[in-house]
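Here is what each chain is made of, one letter per residue.
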Amino acid sequence: MYKLTLPNLKVISKKNIFNNEHLLVLGGRTPDINWLKEASENRILWAVDRGINIITKAGLTPNFLIGDNDSADKSDWDRAITQGVEFKKYPIEKDYTDLELAVEKLPKDAFGILTGAFGGRFDHTFSNVFSAAYANNNLCLADEAETLFFLKNGDDFEIIFEKTPESISLISISQKCEGVTVSGVHWPLKDATLYQKSPNTISNILENSNICNIKILTGILGVYILHKESILR
């Protein structure tokens, strides 16, 4: 069994996908500073463009800095470089997003946690979700309010929550997901087929404990966890 531990939950997988963990800080909704500090412990920290502002505010120093520097505070960017942080700067006029370029630079065996990936512009969030879902690396989006994991062909996860989440939703990222089984929730599934065009498996809740189990045979399944809806309002 292989384990990923975040400040608000723990995920156990039968496959070794939680390996060589990197935390990438993007320029979306700022995560809680204490959450960020705890999540960054014993992980390789990346600042993706405006993510350097968030990292600097938290009093942290990234291992890597990457992006086109079109939205980052120039003083934060320059300070990181002066401190000797390894960086890669791209032109503003380019074909790929800063996140796509960062993921391309991740080691092939790395697991990436994306924070600062929710909130703000819908097109940015949409791009982050699909870039993460279809990346060659295994990635998730997370902060203190929301978490989004992706299960792919044959994945089998046990999720253990520090506190009962407000809801759990299953989203077919691929056109369909087959062999979806979920237990420990009020509305369980067994060997179900979910379709992207009919996203109706949302707002489930835990049943009798703070553990749920989810597995999939084929497809890419998004497992969305809402921890604190009040933060989103």
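Residues numbered from 1 in each chain as written. Predicted model: local features only at pLDDT ≥ 70, side-chain atom pairs only at ≥ 80, totals over all residues. Heavy atoms only, no water.

**Q** What should I look at first to understand the overall build of the protein chain in this one?
**A** Looking only at helices and strands, the protein chain has 5 helices and 15 strands in total. Here the protein chain has a C-alpha radius of gyration of 18 Å; the compact-globule value for 233 residues is 17 Å, and the two agree. Each principal axis of the C-alpha atoms in the protein chain carries an extent, and together these give about 55 × 35 × 35 Å. For the protein chain, the proportion of its 233 residues judged to be buried stands at 50%. The long-range fraction of contacts in the protein chain, counting pairs at least 24 apart against all pairs at least 6 apart in sequence, stands at 62%. For the protein chain, the computed accessible surface area is about 11,500 Å², with 49% contributed by carbon and sulfur atoms. (Helix = DSSP H or I, 4+ residues; strand = E, 2+ residues; numbered from the N terminus. Rg over C-alpha atoms; globule rule 2.2 N^0.38 Å. Buried < 20%, exposed > 50% of the residue type's maximum accessible area, 1.4 Å probe, protein only. Contact = heavy atoms within 4.5 Å. Areas by Shrake-Rupley, 256 points an atom, 1.4 Å probe, with all protein chains shown as cover.)

**Q** Explain the environment of Asn208 here, please?
**A** With respect to the secondary-structure elements, Asn208 resides in the loop between β13 (189-195) and β14 (211-215). Note: C-alpha distance between Asn208 and Asp68 (140 residues apart in sequence) is 48 Å.

**Q** What is the right way to read the sheet that holds strand β5 (residues 64-67) from this model?
**A** Working definition: the strands of a sheet are paired by backbone hydrogen bonds and lie parallel or antiparallel to each other. Strand order across the open sheet formed by 9 strands is β6-β5-β4-β3-β7-β8-β9-β15-β11, with mixed pairing between neighbours. Looking at which strands have only one partner, the edges of the open sheet turn out to be β6 (86-89) and β11 (167-172). Between one strand and the next, the sheet's axes are offset by a mean angle of 20°, whatever the strand orientation. Sheet topology places strand β3 (residues 21-25) next to strand β7 (residues 111-115); 5 bridges connect them, and they run parallel. By the bridge assignment for β7, Leu23 is matched with Ile113. Sheet contacts for helix α1 (residues 33-40): β3, β4 (44-48), β7 and β8 (138-142); angle to β3, the most-contacted strand, approximately 150°. Across the sheet, helix α4 (residues 98-105) lies against β3, β4, β5, β7 and β8, angled at about 150° from β4, the strand it touches most. (Pairing = 2+ DSSP bridges. Axes fitted to C-alpha atoms, helices over the stretch in contact; angles between N-to-C directions.)

**Q** When you look at the sheet that holds strand β10 (residues 156-161) in this model, what are you seeing that I'm missing?
**A** Strand order in the open sheet made by the 6 strands is β1-β2-β10-β14-β12-β13, with antiparallel pairing throughout. Either end of the sheet is taken by a strand with one partner, and the two such strands are β1 (2-6) and β13. Sheet twist, expressed as the mean angle between neighbouring strand axes with direction ignored, is 25°.

**Q** Help me understand the nonpolar core, please; the structure alone is not making it clear to me.
**A** Buried together is how nonpolar side chains tend to be arranged in soluble globular proteins. Counting residues in each nonpolar core, the largest one holds 46 residues, and the members touching the most others are Phe149, Ile159, Ile214, Leu221 and Val223. Every residue in contact with Phe149, bar those within four places of it in the chain, is listed here: Leu4, Leu6, Leu9, Val11, Cys140, Phe157, Leu221, Gly222, Val223 and Ile225. (Core = buried A, V, L, I, M, F, W, Y, C linked by side-chain atoms within 4.5 Å.)

**Q** It is not clear to me how the pattern of salt bridges should be interpreted in this structure. Could you clarify?
**A** Where charged atoms from two side chains of opposite charge come close, those side chains can pair. Using the criterion set out here, one finds 9 salt bridges in the structure. Arg29 is paired through a salt bridge with Glu146; the nearest N and O atoms lie 2.7 Å apart. Of this pair, Arg29 sits in the loop between β3 and α1 while Glu146 sits in strand β9 (residues 146-152); the two residues are 117 residues apart in sequence, bridging distant segments of the chain. Under the relative-accessibility criterion, Glu146 is labelled buried at 8%. Residue Asp123 pairs with Arg121 through a salt bridge whose shortest N-O separation is 2.6 Å. Through salt bridges with shared partners, a single ionic network connects Arg29, Asp143 and Glu146. (Salt bridge = Lys/Arg side-chain N within 4 Å of Asp/Glu carboxyl O.)

**Q** Looking at this structure, I do not really get helix α3 (residues 74-82). What am I missing?
**A** Residue pairs spaced three or four apart in an α-helix point in one direction, given the helix's 3.6 residues per turn. Listed in full, the buried residues belonging to α3 are Asp76, Trp77 and Ala80. One face of α3 carries all of its buried residues, which in axial projection span an arc of 100°. Relative to its buried face, α3 has exposed residues pointing more than 90 degrees away, namely Lys74 and Thr82. Of the residues flanking the end of α3, it is Gly84, one or two places downstream, whose phi is positive at about 90°. (Arc of directions from axis to C-beta.)

**Q** Would you explain helix α5 (residues 122-133) in this entry?
**A** With 12 residues, α5 extends 16 Å from end C-alpha to end C-alpha; this agrees with the ideal 16 Å at 1.5 Å per step. Every buried residue of α5 is accounted for by Thr125, Asn128, Val129, Ser131, Ala132 and Ala133. Where α5 is buried, its residues touch α4, β7, β8, β9 and β15 (220-226). (Expected span 1.5 Å × (residues − 1).)

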